[in-house]
Amino acid sequence: MQLYLPIADLPVNVFLVLAMGAAVGFVSGMFGIGGGFLMTPLLIFIGITPAVAVASVASHIAASSFSGALTYWRRRAIDPALASVLLCGGVTGTALGVWTFTQLRALGQLDLMIALSYVILLSTVGSLMFSEGLRALMRTRRGAVPPRRTHNWIHGLPLKMRFKRSKIYLSVIPVVVIGIVIGFIGAVMGIGGGFILVPIMIYLLRVPTSTVIGTSMVLTLVTMLFATMLHAVTNHLVDAVLALILMVGGVTGAQFGARAGQKIRGEQLRLLLGLLILSVGVRFAVELVIRPEDLFTIRELGVSG
Amino acid sequence: MRALAAALLVLLLGASARAERLIVSVSNHRVTVTPNYSGEELVLFGSVEKDASTPADRTAYDLVVTVMGPRADMVTRRKERTFGIWINTDYRQFLQVPSYLALFANRPFDGITSPEIARRQQIGLNNVLLTQRVSGDYADVVPNDAFRSAFIRLRTQRGLYREDASAVTFLTPTLFRTGIPLPAEVPIGTYEVEIKLFANGAFVGKTETAFEIVKVGFEQFVANTARQNGLVYGLVTAAMALMTGWMASIVFRKD
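A.B. asks: Describe in detail the overall build of chain A, supporting the description with residues and values.
C.D. replies: Within chain A one finds 10 helices and 5 strands. Compactness check: chain A gives a C-alpha radius of gyration of 19 Å against a globular reference of 19 Å for 305 residues, within 12% of the reference. Taken along its principal axes, the extent of the C-alpha atoms in chain A is 65 × 40 × 40 Å. Within chain A, buried positions represent 52% of all 305 residues. Sequence-distant contacts, at least 24 apart, represent 80% of the contacts inside chain A between residues at least 6 apart.

See the structure below:
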């Protein structure tokens, strides 16, 4: 069934988009991530402009992280104090990100920047995650104990605060900075940032695994809602019809993904996720390097009359 | 006295220009784009009416139909290889160019009239005026300009610009028809149709008509709201996201 997307301005097959939402939802449920880094490239691939894809995926991620956050809230697996400090940075970062997005769009370099950030971010995070997963897998094979967690330089910073539910005593500076960074890249790239945020919180901030996913989902939820708002107000690029189809597919797929994820061991899961992230990054890199089919592109600057 | 002569001349010229009258009509003056719209074809038909002042030797006519969609500014960008990757480097701005442009004729454009008249009457995609802003100046450039030809090629690929020298068919020596194909992603707005009549290579007369493409239904409502009430639109979308997420967490609740 064909449906006309009002903002993306092109007809798409509803079932194709629904299936894409479900597939990405499955993966996101399995790994406990938002899945924006998969959804945005897929939308670009079916012909939606990167700008509309980034803006619309924001609301899709908001929906899936809200349903996740509700579940974690019931299990008391969210640290409200940590989440609010993260949000201070997150909201600032999102505003900066949307502003940058608008500037780049005017310069005609938005598509390039989206592609470049995907290459850099995804290949770095992907290979880190992959190698870490590989090492963890080897360790469990050999039956060795994982190395003990020690304090690092981050724990020497001033302005310390006690986060009761996570049972950590930590400076707010790195937390706010992480919030800004995640908010910024989220708004520019159309990703929730969960797949970067969770590892950073675990390895750098030593947030216990019991609260890490729930808390990161709260940040994702609020930054993505805020990004949706800003993209709608400044660039008028949020396609609500597209977003709704993606949401419905996404939240459904996520439930089945979460069930499948429980059957796989943690190390294998990280290995798979690393590989997935890496392959998306490589795909973007290839696109940048090979000669494009057409060197010219047209952009309409609004119809008058 | 001179003014009177000029007035008389104008009157005479006007009379000779009115030797043939073009009567045209499109099959639908208001095309509605619905959610499942996947392109359509309008039909333009008309006839050439001769009157007493028509020279007797005028039997074969040539017609050129130009359909122009709403005008917009557009930017064409060119990618170049920089540091091993392909980056948009150079660009040209096209000012108030038609978002849809179709040129139809009953035989190849270069056979209808002289290159001089073809250029003046904008016959054929190569002769249509596409104003560019070139470093502060406004001008149309030569037809083989890289940006201009890329612009036309890309618009043609999307079915938005087209040129068909066999689309106009004469049913009788004076009765003609042509189809106007409108692709799925047709821009909305007012479309001007110009019908130009040629006889023996000379421009004889023209007439104009118009049709309108409107989007109806939910899609158009969404698109309008997004552009006019960005804040409300954003709030509604955000609320929709929360609702969907909340519903999912209820539907799939395990306990």
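A.B. asks: Give a detailed account of the overall build of chain B, specifying residues and quantitative values.
C.D. replies: Looking only at helices and strands, one finds 6 helices and 14 strands in chain B. Rg of the C-alpha trace for chain B: 25 Å, well past the compact-globule value of 18 Å for 255 residues, more than 25% over. Along the first, second and third principal axes, the C-alpha atoms of chain B reach 95 × 45 × 40 Å. Long-range pairs, those at least 24 residues apart, make up 66% of the contacts in chain B between residues at least 6 apart in sequence.

A.B. asks: I'd like to hear about the interface of chain A and chain B, residue by residue, with values.
C.D. replies: Each side of the interface is counted separately: chain A has 49 residues, and chain B has 48 residues. Taken together, the residues of the side of chain A that touches chain B sort by class into 31 nonpolar, 14 polar and 4 charged.

A.B. asks: Break down the environment of Val232 of chain B for me, with residues and values.
C.D. replies: Residues and elements named next belong to chain B. Looking at where Val232 falls in the secondary structure, it is placed in helix 6 (residues 230-251). Val232 sits in the partly exposed class, given 13 other C-beta atoms within 10 Å. Separated by 174 residues in sequence, Val232 and Arg58 place their C-alpha atoms 63 Å apart.

A.B. asks: Before we move on, can you summarise helix 4 (residues 80-107) of chain A with the specific residues and values?
C.D. replies: Since there are 3.6 residues in each turn of an α-helix, residues three or four apart along the chain are aligned in direction. All names here are of chain A. Under the 1.5 Å per step criterion, the end-to-end length of helix 4 is 40 Å for 28 residues, consistent within 8% with the ideal 40 Å. Considering bend angle alone, the principal kink of helix 4 is centred on Leu87 and spans about 25 degrees. Taken together, the buried positions of helix 4 are Leu82, Ala83, Val85, Leu86, Leu87, Gly89, Gly90, Gly93, Thr94, Gly97, Val98 and Phe101. Residue Gly108 follows helix 4 closely and has a positive phi angle near 80 degrees.

A.B. asks: Give me the environment of Leu230 of chain A: which residues, what numbers.
C.D. replies: All names here are of chain A. For Leu230, the position within the fold is in helix 8 (residues 209-235). Along the backbone, Leu230 and Ala187 are 43 residues apart, and their C-alpha atoms lie at a distance of 9.2 Å. Beyond its immediate stretch of four places on either side in the chain, Leu230 contacts Thr94, Ala95 and Val98.

A.B. asks: Which residues make up the sheet that holds strand 12 (residues 175-182) of chain B, and what values go with them?
C.D. replies: All names here are of chain B. Pairing within the open sheet is antiparallel, and its 4 strands lie in the order 1-3-12-11. Looking at which strands have only one partner, the edges of the open sheet turn out to be strand 1 (20-26) and strand 11 (169-170). Where strand 11 lies against strand 12, 2 bridges are found, and the strand directions are antiparallel. Across the sheet, the residue bridging to Phe170 is Phe176, located in strand 12.

A.B. asks: Mind laying out the packing of helix 3 (residues 50-74) of chain A against helix 9 (residues 240-261) of chain A, listing which residues take part and the relevant values?
C.D. replies: Residues and elements named next belong to chain A. At a closest axis distance of 9 Å, the pairing of helix 3 and helix 9 adopts a crossing angle of 35 degrees. By crossing handedness, the relation of helix 3 to helix 9 is classed as right-handed. Packed against helix 3, whose contacting residues are Ser56, Ser59, His60, Ala63, Ser64 and Ser67, the element helix 9 presents Leu242, Ala243, Leu246, Met247, Gly250, Val251 and Ala254 at the interface. Within the contact of helix 3 with helix 9, the residues separate by chemical class into 7 nonpolar, 6 polar and no charged.

A.B. asks: Could you give an account of the confidence of the model for chain B, with specific residues and numbers?
C.D. replies: All names here are of chain B. For chain B, the average pLDDT comes to 82, and 90% of its residues sit at 70 or higher. Within chain B, the element-level pLDDT minimum falls on helix 1 (residues 2-17), averaging 50, and the maximum on strand 7 (residues 101-105), averaging 92. With pLDDT under 50 throughout, residues 9-17 is counted as low confidence; its partners more than four residues away or in other chains account for 3 contacts. In the model output, the complex is listed with pTM 0.71 alongside ipTM 0.78.

A.B. asks: Outline unusual backbone geometry, listing residues and values.
C.D. replies: Residues and elements named next belong to chain B. The phi torsion at Gln122 lies on the positive side, around 55 degrees, for a residue other than glycine. Among the secondary structure elements, Gln122 is positioned in the loop between helix 3 (115-120) and strand 8 (132-134). Assessed through the 17 C-beta atoms surrounding it within 10 Å, Gln122 is described here as partly exposed. The backbone phi angle of Asn200 is positive, close to 50 degrees, even though this residue is not glycine.

A.B. asks: Could you give an account of the packing of helix 6 (residues 172-189) of chain A against helix 8 of chain A, naming the residues involved and the relevant values?
C.D. replies: Residues and elements named next belong to chain A. Relative orientation of the contacting elements helix 6 and helix 8 amounts to 45 degrees, with a least axis distance of 10 Å. Of the possible angle classes, the one that applies to helix 6 and helix 8 is oblique. Seen from above, helix 6 lies across helix 8 with right-handed handedness. Taking contact as the criterion, the partners of Gly179, Ile182, Gly183, Gly186 and Ala187 in helix 6 are, on helix 8, Leu219, Thr223, Met224 and Ala227. Of the residues that constitute the contact of helix 6 with helix 8, the class distribution is 5 nonpolar, 4 polar and no charged.

A.B. asks: Describe the sheet that holds strand 2 (residues 30-33) of chain B, listing the residues and the values that go with them.
C.D. replies: All names here are of chain B. A sheet is described by the order of its strands in space; here 6 strands give the open sequence 2-14-13-4-7-10, paired in mixed fashion. Looking at the sheet topology across the chains shown, the edges are occupied by strand 2 and strand 10 (161-164). If you compare each strand with its neighbour and ignore which way they point, the axes differ by 15 degrees on average. As paired elements, strand 4 (residues 61-68) and strand 7 share 5 bridges and run antiparallel to each other. Residue pairing for strand 7: Val64 is matched across the bridge by Ala105.

Each value, and the rule that gives it
- Residues numbered from 1 in each chain as written.
- Chains lettered and ligands numbered in written order.
- Predicted model: local features only at pLDDT ≥ 70, side-chain atom pairs only at ≥ 80, totals over all residues.
- Helix = DSSP H or I, 4+ residues; strand = E, 2+ residues; numbered from the N terminus.
- Rg over C-alpha atoms; globule rule 2.2 N^0.38 Å.
- Buried ≥ 20, exposed ≤ 12 C-beta atoms within 10 Å, placed from the backbone.
- Contact = placed C-beta atoms within 7 Å.
- Nonpolar A, V, L, I, M, F, W, Y, C, P; charged D, E, K, R; others polar.
- Expected span 1.5 Å × (residues − 1).
- Bend = angle between axes of the 7 residues up to and from the residue.
- Pairing = 2+ DSSP bridges.
- Axes fitted to C-alpha atoms, helices over the stretch in contact; angles between N-to-C directions.
- Left-handed = near helix turned anticlockwise from the far one by under 90°.
- pLDDT = per-residue confidence, 0-100.
- Parallel < 35°, antiparallel > 145°, perpendicular 65-115°, else oblique.

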